[in-house]
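Examination of the molecular architecture
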Amino acid sequence: MSYLIALHGLLAVIWVGGMFFAYMILRPAAQPLETQQRLSLWARTFGGFFPWVWGAVLIVPLTGYYVAIARFGVMAALPMYVNIMQGLGILMILLYLHVFFAPYRRLRRGVESGDFVKAGHALVQIRQLVAINMALGLITIFVALVGANCTGSRFC
Ligand code: HEM
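This text gives an overview of the structure that appears in the document. (Residues numbered from 1 in each chain as written. Predicted model: local features only at pLDDT ≥ 70, side-chain atom pairs only at ≥ 80, totals over all residues. Heavy atoms only, no water.)

Moving on, we get to helix α3 (residues 80–101). Every α-helix winds through 3.6 residues per turn, so residues three or four apart in the chain are directed the same way. Along its 22 residues, α3 runs 32 Å from first to last C-alpha, staying within 8% of the 32 Å computed at 1.5 Å per residue. Three or more residues of α3 are buried, namely Tyr81, Val82, Met85, Leu88, Gly89, Met92, Ile93, Leu95, Tyr96, Val99 and Phe100. Projected onto a plane normal to the axis of α3, the buried residues spread over an arc of 170° and lie on a single side. Those residues of α3 that are buried lie in contact with α1 (2–30), α2 (35–72), α4 (103–113) and α5 (116–148). (Helix = DSSP H or I, 4+ residues; strand = E, 2+ residues; numbered from the N terminus. Expected span 1.5 Å × (residues − 1). Buried < 20%, exposed > 50% of the residue type's maximum accessible area, 1.4 Å probe, protein only. Arc of directions from axis to C-beta. Contact = heavy atoms within 4.5 Å.)

Here's what the structure looks like:
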């Protein structure tokens with residue numbers, strides 16, 4: 001069980017940590033680049049990061065639900081922090097699926113075809129959705145760590 005929770009937490013940290021680095025560090029660092037170079041950099045960056053996110057999107061809920069059932073028995077018996085975690089987790093996964101199949105596809109096609117206006121619009125949308133998902137991820141990790149280590153409250 002502890003290995004599964006560790007794997008669960010590790011993939012969650014790779015996902016949320018990657019979004020944190022992209023939004024808080026790489027985004028301002030790439031700003032001075034010329035538009036075509038900047039859009040190509042982002043297409044390559046997401047191309048390298050998203051396979052890890054697919055790993056997280058598969059492994060985090062699988063390990064989470066396995067541990068939830070093994071530890072708490074039925075879904076109705078889940079403590080509040082696990083319910084918050086799964087609610088925010090499902091929202092994060094849906095947001096990622098939208099990013100991957102919609103603006104990211106437009107960013108890639110725009111860069112490949114040289115349509116940098118289309119790629120630029122797609123990047124703006126990705127940036128906004130990554131900002132939301134990063135915030136949800138940081139809140140979820142905080143809730144998970146407080147919940148798993150607290151006692152004697154309705155929250156845990
Ligand atoms: C998608 C549905 C999810 C389910 C069903 C789920 C379920 C769980 C369960 C049952 C635990 C063990 C709690 C305990 O040891 O008492 C756990 C731990 C944890 N979860 Fe989730 N989780 C989900 C999504 C997420 C997401 C999206 C994140 C972060 C972005 C996350 C981060 C964590 C962390 C960091 C821990 C370790 C807490 C600790 O043991 O100190 N989980 N999760």
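Looking at the iron atom of the ligand, one finds its protein donor set to be His8 (NE2) and Met85 (SD), positioned 2.0 to 2.1 Å from the metal centre. For the iron atom of the ligand, the six donor atoms in the first shell make angles of 87 to 179° at the metal, so the coordination geometry reads as octahedral. On the criterion of sequence distance, the pair formed by His8 in helix α1 and Met85 in helix α3 is long-range, its members being 77 residues apart. Residues His8 and Met85 agree in their burial class; the two are buried. (Donors = N, O, S within 2.8 Å, 3.2 Å for Na, K, Ca; no water. Tetrahedral: all angles 85-135°; square planar, octahedral: opposite > 155°, others 65-115°.)

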